[in-house]
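# Structure assessment
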Amino acid sequence: MTPRGRPVEEDDLHARIDGQLPRERSEDVEAYLAAHPEEQARFSQYAQQRQQLRAAFAAQADGPIPMRLRVAHLLAQQRRRQRRRFGEIAAAVCLIALGGIAGWAGRDLTGPATSSPPGSVARVITADAIAAHRTFSVEVRHPVEVDSGQEVHLVQWLSKRLGRPLIVPDLAAAGFRLMGGRLLPAEDGPAAQFMYENGNSERLTLYLRTGIGGETAFRFHEEGGIGALYWSDEGFGYAIAAKADRELLLRIAEIVYQQTSPDGAKAKIPPAPGKPS
Amino acid sequence: MGTAAAMMPVPTRTLAADEIGQPAVGCRCDGAAMRNQASLIEPHIPGLRRFACALLRGDRQGADDLVQDCLERAVSRWHLRRAEGDVRGWLYTILYNRFLNEKHRQGRRGVPDALLEVAEAELPGVDGGQDRALEHRDLLRAFAALPEEQRSALLLIGIEDLSYGEAARVLGVPIGTVMSRLSRGRERLRHYMNDGVDRHNAELRSVK
């Protein structure tokens with residue numbers, strides 16, 4: 001047993017003024033300070049500044065909590081929003097179903113499904129998103145290039161490469177956690193893919209590209225068991241892909257849309273695809 | 001993913017639920033759970049407001065917006081917090097991440113530097129009069145000028161009383177990094193204040 005422990009370091013001296021020094025270190029640290037008056041002076045200055053900053057900011061914590069920050073108020077607000085969102089989703093699901101029926105019924109009248117110019121972009125992006133999903137969602141060791149532990153870096157990097165500030169949607173409300181993302185080559189520029197996973201290890205990817213004109217409603221497409229929902233908004237083309245049905249994708253798409261669109265509170269109502277022109 | 005059907009109750013049931021004023025989806029909050037949630041979150045709100053205000057250099061309105069954003073997220077994913085984890089660290093982490101997110105989105109648009117106004121508004125009552133008040137002002141100015149990562153470390157540890165480990169988790173960096181930010185931040189403040197004193201003394205000498 002040594003009379004003195006390991007040498008006293010800078011961290012110990014900070015821990016002393018922060019009240020985080022283990023009691024058994026105390027003796028060593030006091031002895032060190034007694035022998036090093038210049039360190040003693042430096043740290044007593046730190047301690048004084050610490051005290052002054054505490055005093056300066058103390059007032060910010062005083063005063064009653066405003067209503068908008070009360071938990072009861074926030075919970076009530078959340079319930080209202082959930083009710084509204086449910087109404088919107090139910091309406092959208094009904095419209096998609098009706099649209100599908102109408103489109104099928106009117107297929108001979110309108111020829112191949114109304115292919116406006118944005119339609120081809122939608123098809124390309126949807127196909128790319130499904131291909132990327134198929135390639136990377138089965139990866140065990142390298143599902144993503146940058147993982148969610150470096151979310152800030154991930155967002156900065158992909159935003160820089162895509163030339164637009166990106167928002168990584170938080171899908172926790174649907175039980176999906178961000179795993180990370182990667183950069184992908186696309187037709188005429190880079191694309192980004194974010195991957196999410198739920199508690200059952202089911203994976204979902206959000207694929208996005210910039211420079212997409214116009215605003216379209218959600219378009220659903222399925223290929224080889226993988227469903228994808230595409231839409232464009234604010235210059236972004238989005239596609240979410242997963243081994244999932246239309247309802248779940250629509251629910252996720254709503255969440256993404258609400259978080260990424262400046263007027264995300266509005267419902268996104270898809271038109272009937274088979275609408276006669 | 002067979003869960004979708006479970007998440008989408010049939011519309012008729014929703015209407016019925018709406019009529020009796022019950023939440024249509026996500027109704028996992030009975031009265032007791034709600035009170036429990038409030039009693040676990042609310043004690044930390046004063047500290048969150050203080051931290052947000054200091055992060056935003058004294059912008060109180062913006063600070064409360066940030067806290068609101070943080071709390072909305074906290075209540076909407078309450079079921080996702082780790083059961084054994086402490087609520088305080090979790091809340092500070094959400095708030096800090098929202099802050100970074102927002103900062104990133106706004107880019108480097110000039111933030112009104114309200115910290116000096118805070119200094120003036122809060123400190124005239126400090127005993128010792130003019131000199132002390134000026135010293136506080138200088139200190140806050142120096143603090144506002146610290147790099148964001150050093151400011152956050154100083155705030156979480158020196159003012160919010162988080163342990164080094166907790167602060168590391170909130171900031172998402174190893175403890176060693178927190179310690180070095182703390183150490184550099186403190187030294188920079190000290191340097192600034194001492195320089196200020198030297199400058200002040202030099203001015204006095206030159207007047208004589």
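Throughout, residues of each chain are indexed from 1 in the direction in which the sequence is written. For naming, the first written chain is A and the first written ligand is 1, with later ones following in the order written. Given that this is a predicted model, residues contribute local features only at a pLDDT of at least 70 and side-chain atom pairs are listed and counted only at 80 or more, while totals for whole chains, interfaces and linings are drawn from all residues.

## Looking at the overall build of chain B
Under the convention used in this document: Put simply, DSSP H or I for four residues or longer makes a helix, DSSP E for two residues or longer makes a strand, and each gets a number counted from the N terminus. Placing a C-beta atom from the backbone of each residue, one calls two residues in contact when those atoms lie within 7 Å.
Counting secondary structure elements, chain B contains 11 helices and zero strands. Start at the N end of chain B and walk to the C end: the helices and strands fall as α-α-α-α-α-α-α-α-α-α-α. A sequence separation of at least 24 residues applies to 61% of the contacts in chain B between residues at least 6 apart.

## Let's talk about the pairing of strand β6 (residues 226–233) of chain A
Residues and elements named next belong to chain A. Heads up, the rule is: Think of it as a crowd count around each C-beta: if 20 or more other C-beta atoms lie within 10 Å the residue is buried, if 12 or fewer it is exposed, and in between it is partly exposed, with C-beta placed from the backbone throughout. DSSP bridges decide pairing: two strands pair if at least two such bridges lie between them.
Counting buried positions over the eight residues of β6 gives seven, a clear majority of the element. As defined by bridge partners, strand β5 (residues 216–223) adjoins β6 across six bridges and the pair is classed as antiparallel. In the strand pairing of β6, Glu223 is matched with Ile226. Linkage of β6 to strand β7 (residues 236–242), two consecutive antiparallel strands, is achieved through a turn of two residues, within which Glu234 is found at a positive phi near 55°.

## A word on the nonpolar core
To be explicit about the condition: Linking buried Ala, Val, Leu, Ile, Met, Phe, Trp, Tyr and Cys residues through C-beta atoms within 7 Å yields a set, and such a set is a nonpolar core.
Among the nonpolar cores identified, the biggest contains 49 residues, and A:Leu229, A:Tyr238, A:Ala239, A:Ile240, A:Leu249 and A:Ala253 are the most heavily contacted of them. Those residues in contact with A:Leu249 that lie beyond four places of it in its chain are A:Phe220, A:Gly227, A:Leu229, A:Ile240, A:Ala242 and A:Ala244. Among the nonpolar cores identified, the runner-up in size contains 46 residues, and A:Ala56, B:Tyr96, B:Leu154 and B:Leu189 belong to it.

## Comments concerning helix α4 (residues 45–55) of chain B
Residues and elements named next belong to chain B. The element α4 is largely enclosed, with a buried count of eight among its 11 residues. Those residues of α4 that sit buried are Leu48, Arg49, Arg50, Phe51, Ala52, Cys53, Ala54 and Leu55. Backbone geometry just downstream of α4 places Arg57 in the positive-phi region, at approximately 55°.

## Describing unusual backbone geometry
Non-glycine residue A:Ser201 carries a positive phi angle of around 60°. Along the chain, A:Ser201 falls in the loop between β3 (189–198) and β4 (203–210). The phi dihedral of B:Asp161 falls on the positive side, at around 60°, and the residue is not glycine.

## Quick word on the interface of chain B and chain A
The following threshold applies: Nonpolar residues are Ala, Val, Leu, Ile, Met, Phe, Trp, Tyr, Cys and Pro. Charged residues are Asp, Glu, Lys and Arg, and all others, Gly as well, are polar.
Each partner contributes residues to the interface: chain B has 54 residues there, and chain A has 46 residues. Class assignment of the residues belonging to the side of chain B that touches chain A gives a composition of 32 nonpolar, 11 polar and 11 charged.

## Re the confidence of the model for chain B
The predicted coordinates should not be examined in detail at positions where pLDDT is low. Residues and elements named next belong to chain B. In plain terms, the rule: One number per residue, pLDDT, summarises how confident the predictor is, and it ranges from 0 to 100.
With 64% of its residues at a pLDDT of at least 70, chain B reaches an overall mean of 74. Across chain B, the element-wise mean pLDDT spans from 31 in helix α2 (residues 11–19) up to 95 in helix α9 (residues 148–159). Ignoring residues within four places in sequence, the model shows residues 1–29, a span with pLDDT below 50, making 33 contacts including any to other chains. Confidence over residues 108–112 falls short of pLDDT 50; this stretch has four contacts with residues more than four positions distant or in other chains. Scoring of the predicted complex yields 0.52 for pTM and 0.73 for ipTM.

## A look at the sheet that holds strand β2 (residues 176–186) of chain A
Residues and elements named next belong to chain A. Our working rule: For every element, the axis is a line fit to its C-alpha atoms; helices are fit only across the contacting stretch, and the angle between N-to-C directions ranges from 0 to 180 degrees.
Read across the open sheet, the seven strands follow the order β1-β2-β3-β4-β7-β6-β5; overall the sheet is antiparallel. Each end of this open sheet is capped by a strand with a single partner; those strands are β1 (146–147) and β5. Running over the sheet, helix α7 (residues 151–162) touches β1, β2, β3 and β4 and is turned about 25° from β2.

## Observations regarding helix α3 (residues 37–61) of chain A
Residue and element names in this part refer to chain A. Applicable threshold: Any helix carries an expected span of 1.5 Å times its number of residues minus one. The term bend refers to the angle at a residue between two fitted axes, each drawn through seven residues, those ending there and those starting there.
Between the first and last C-alpha of α3 there are 36 Å, a value that for 25 residues agrees with the 36 Å anticipated at 1.5 Å per step. The sharpest bend along α3 comes to roughly 25°, located at Ala55. Of the residues making up α3, those classed as buried are Phe43, Tyr46, Gln49, Gln52, Leu53, Ala56, Phe57 and Gln60. The positive-phi residue at the C-terminal boundary of α3 is Gly63, with phi of around 85°.

## A closer look at the pairing of β4(A)
Two faces make up the sheet, and in a regular strand the side chains alternate between them. All names here are of chain A. For β4, the tally of buried residues reaches seven of eight residues, placing the bulk of the element in the interior. Pairing geometry for β3 and β4, over six bridges, is antiparallel. Opposite Gln193, over in β4, you have Tyr207 as the bridge partner. Hairpin remark: β3 followed by β4, antiparallel, with four residues in the connecting loop; positive phi at Ser201, about 60°. Alignment of β4 against β7, held across seven bridges, turns out to be antiparallel. What sits directly across from Leu208, in β7, is Tyr238.

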